[in-house]
There are 2 protein chains.
Amino acid sequence: MSRSAAAPARRTPVYDRIMEAAVDLFAEKGFDATSVAEIVERAAVTKGALYHYFASKDDLLFEIYHRLIGAQLSDLDRITSLGLPPDETLRALIADLIASTTGNLREAAVFGRESHKLDAAHSSAVRADRRRYHDAVRTLVERAQQDGTFARTAPAETVTLIIFGMINQMPKWYRPDGPKAPAELATELADFVLAGLRP
Amino acid sequence: MSRSAAAPARRTPVYDRIMEAAVDLFAEKGFDATSVAEIVERAAVTKGALYHYFASKDDLLFEIYHRLIGAQLSDLDRITSLGLPPDETLRALIADLIASTTGNLREAAVFGRESHKLDAAHSSAVRADRRRYHDAVRTLVERAQQDGTFARTAPAETVTLIIFGMINQMPKWYRPDGPKAPAELATELADFVLAGLRP
DNA sequence: GACCCGAGACCGACCAGTCGGTATCGCCGG
DNA sequence: CCGGCGATACCGACTGGTCGGTCTCGGGTC
């Protein structure tokens, strides 16, 4: 416990291989069902190497979330800063979220399934990040409803829940070799949501 | 192995207490993180009693799914047999699914999180049941789109994914002591979906 | 020759499931 | 109405094995 507070976390080939193996296995069998021995075996390293880079097995899990959410949040900032009208912003956010989810399917699957395994400190950090994205979408819809751009078909909060609902479930059914490309799905979801919001 | 093939499964107070404890713990900490010792402790029974009623820890998990899905499927049959017009049928299905999800929140949470832990036989049984509900909704939307009752804003499959997306995510955010009653949420979701489908 | 990366044997805790056993009850012949 | 017998309900110590994490040490690099 007192030996290393947070571990190096520098990106090296060994670090990357461990991460890769962990994401694979967590996505495939779940966090608890995956042993550290399996991770090091698939990564072709030893326990010593793993515990050199990561403080614990849980730390590995947190790093996976952190990477995924970090990328999504920087996309959010990029998109909102473009100053597009609400419908185009919403479309862009949906497209980005779907691209990010399908492009990081394993990470998204692990996140959806195991997010409650984080300890209190990490958990609240992750929740705060998630909430930032959620609130951004809700506020966007809310404001557009206030100025009449969007209809008040349903409360902004519910619309947000519908959007994230579909996206967050994607790891459960989406397959890269399936019939529809992510961009198609994004267009369909955006079309449907904007149709429901049309004044 | 040869001693008991499937166990009695009769409902007794002991059986019910074990089920209750297992659902609680699986929902709270996850299936793998819950030990059989914890279940029997919370249920105030012994290991012997648990293995008298259930073939294995996995069997407990399957029974939880089975109960939930069984109830939902019989609701599905009841509703479709009423012969209501598509919009009212869809509204009734959404309301029922939301009522069932919020009324069995822990079971729904366990299902959403741990459904991949089932072995091949149980897993395909559960998947088939789930698909039956999914297909019923998709077919309903599809037919109504063909005869012009619903608009072709998005493919029926995508609309179905949107509906189940929000509902299946509910265990992640819905709290019984929250501001909105299940019936309200059902109305809002149905209003939004039907608005998007209006010709 | 100091330092960091990585190796892998090792530890105590814990786990799912087993098994030999006891207690309780319904039923049936006399 | 009774005695006994088979079946069901339940008990809990025990086992073989796995787990996350630690620790000591080798070897390459500056």
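A quick note: this is a predicted structure, and the numbers were derived from the prediction, not measured. (Residues numbered from 1 in each chain as written. Chains lettered and ligands numbered in written order. Predicted model: local features only at pLDDT ≥ 70, side-chain atom pairs only at ≥ 80, totals over all residues. Heavy atoms only, no water.)

1. Notes on the overall build of chain A
Here comes step 1: What chain A contains, in helices and strands, is 9 helices and 0 strands.
Here comes step 2: Secondary structure of chain A in N-to-C order comes out as α-α-α-α-α-α-α-α-α.
Here comes step 3: Principal axes of the C-alpha set define a box for chain A whose edges measure 60 × 40 × 25 Å.
Here comes step 4: Expressed as a percentage of the 199 residues in chain A, the buried residues total 48%.
Here comes step 5: When the accessible surface of chain A is summed, it comes to about 9400 Å², and 53% of that surface belongs to carbon and sulfur atoms. (Helix = DSSP H or I, 4+ residues; strand = E, 2+ residues; numbered from the N terminus. Buried < 20%, exposed > 50% of the residue type's maximum accessible area, 1.4 Å probe, protein only. Areas by Shrake-Rupley, 256 points an atom, 1.4 Å probe, with all protein chains shown as cover.)

2. Some words on the protein's contact with DNA strand D
Here comes step 1: By nearness alone, 15 residues border DNA strand D, and V36, K47, Y51 and K57 of chain A together with Y53 of chain B come closest of all.
Here comes step 2: Taking the atoms of DNA strand D that fall within 4 Å of the protein, sugar and phosphate contribute 60% of them.
Here comes step 3: Between DNA strand D and K57 of chain A, the relevant distance is 2.6 Å, taken from a phosphate oxygen to a side-chain nitrogen or oxygen of the residue.
Here comes step 4: With respect to DNA strand D, the side chain of H52 of chain B contributes an N or O atom lying 3.1 Å from a phosphate oxygen.
Here comes step 5: At the level of elements, helix 3 (47-53) of chain A together with helix 3 (47-53) of chain B are the ones that each hand at least two residues to the surface near DNA strand D.
Here comes step 6: In terms of residues, the surface near DNA strand D owes the most to one element, helix 3 of chain B, which gives 4 residues. (Near = heavy atom within 4 Å. Polar contact = N/O pair within 3.5 Å; in protein donor to acceptor, adjacent residues only side chain to side chain.)

3. A closer look at the packing of helix 4 (residues 57-80) of chain B against helix 7 (residues 120-146) of chain B
Residue and element names in this part refer to chain B.
Here comes step 1: The interhelical angle for the contact between helix 4 and helix 7, taken along N-to-C directions, is 25°, at an axis separation of 10 Å. As far as their axial angle goes, helix 7 and helix 4 are roughly parallel. Between helix 4 and helix 7 lies a crossing of left-handed hand. For the pair helix 4 and helix 7, contact is made by F62, Y65, I69, Q72, L73, L76 and D77 and by H122, V126, D129, R130, R132, Y133 and A136, respectively.
Here comes step 2: Of the residues in the contact of helix 4 with helix 7, the class split is 8 nonpolar, 2 polar and 4 charged. (Axes fitted to C-alpha atoms, helices over the stretch in contact; angles between N-to-C directions. Parallel < 35°, antiparallel > 145°, perpendicular 65-115°, else oblique. Left-handed = near helix turned anticlockwise from the far one by under 90°. Contact = heavy atoms within 4.5 Å. Nonpolar A, V, L, I, M, F, W, Y, C, P; charged D, E, K, R; others polar.)

4. Side note on the protein's contact with DNA strand C
Here comes step 1: Taken together, 15 residues lie near DNA strand C, and H52 and Y53 of chain A together with V36, K47 and Y51 of chain B sit nearest.
Here comes step 2: Across the atoms of DNA strand C situated within 4 Å of the protein, the share located in sugar and phosphate is 64%.
Here comes step 3: At 3.4 Å from a base oxygen of DNA strand C is found a main-chain nitrogen or oxygen belonging to G48 of chain A.
Here comes step 4: Going through the elements one at a time, helix 3 of chain A together with helix 3 of chain B are the ones with two or more residues in the surface near DNA strand C.
Here comes step 5: Looking at the surface near DNA strand C element by element, the count peaks at 5 residues for helix 3 of chain A.
Here comes step 6: Of the residues in the surface near DNA strand C, the class split is 6 nonpolar, 6 polar and 3 charged.

5. Details of the relation of the copies chain B and chain A
Here comes step 1: Overlay of chain B on chain A (RMSD 0.1 Å): rotation 180°, translation along the axis 0.0 Å. The transformation relating the two chain copies, once decomposed into turn and shift, fits a two-fold axis.
Here comes step 2: Comparing contact sets, 100% of the residues at the interface of chain B also lie at the interface in chain A, consistent with an isologous, same-surface contact. (Least-squares fit on C-alpha atoms with pLDDT ≥ 70 in both.)

6. Brief notes about the packing of aromatic side chains
Residues and elements named next belong to chain A.
Here comes step 1: Counting across every chain of the model gives 12 aromatic pairs over all chains.
Here comes step 2: Between Y133 and F164, the aromatic rings sit 5.9 Å apart at their centres with planes inclined by 80°, giving edge-to-face as the arrangement. Taken together, the residues Y133 in helix 7 (residues 120-146) and F164 in helix 8 (residues 156-173) connect sequence positions 31 residues apart. As far as the burial class goes, Y133 and F164 line up, both buried.
Here comes step 3: An aromatic cluster of three or more residues is present, and its members are Y15, Y53 and F54.
Here comes step 4: Here the guanidinium or amino end of K57 rests over the ring plane of F31, the centre of that ring lying 4.4 Å away. (Phe/Tyr/Trp six-rings, centres within 6.5 Å; stacked < 30°, edge-to-face > 60°. Lys NZ or Arg CZ within 6 Å of the ring centre and 35° of its normal.)

7. Details of the domain arrangement of chain A
Residue and element names in this part refer to chain A.
Here comes step 1: Considered domain by domain, chain A is made up of domain 1 (1-55) and domain 2 (57-197).
Here comes step 2: Placing the centre of domain 1 and that of domain 2 at their C-alpha centroids yields a distance of 28 Å.
Here comes step 3: Domain 1 puts 20 residues into the contact, and the matching count from domain 2 is 14 residues.
Here comes step 4: Roughly 1600 Å² of surface becomes buried between domain 1 and domain 2 when both sides are summed, with 65% attributable to carbon and sulfur atoms.
Here comes step 5: Contact with domain 2 buries surface across domain 1, with M19, V23 and F31 losing the most and accounting together for 37% of the total.
Here comes step 6: Linking domain 1 with domain 2 are 3 salt bridges.
Here comes step 7: For R106, the salt bridge is made with D24, and the minimal N-O distance between the two is 2.5 Å.
Here comes step 8: Linking domain 1 with domain 2 are 9 residue pairs in polar contact (both at pLDDT 80 or more). (Domains from an automatic or database assignment. Buried area = accessible area lost by both parts, 1.4 Å probe. Salt bridge = Lys/Arg side-chain N within 4 Å of Asp/Glu carboxyl O.)

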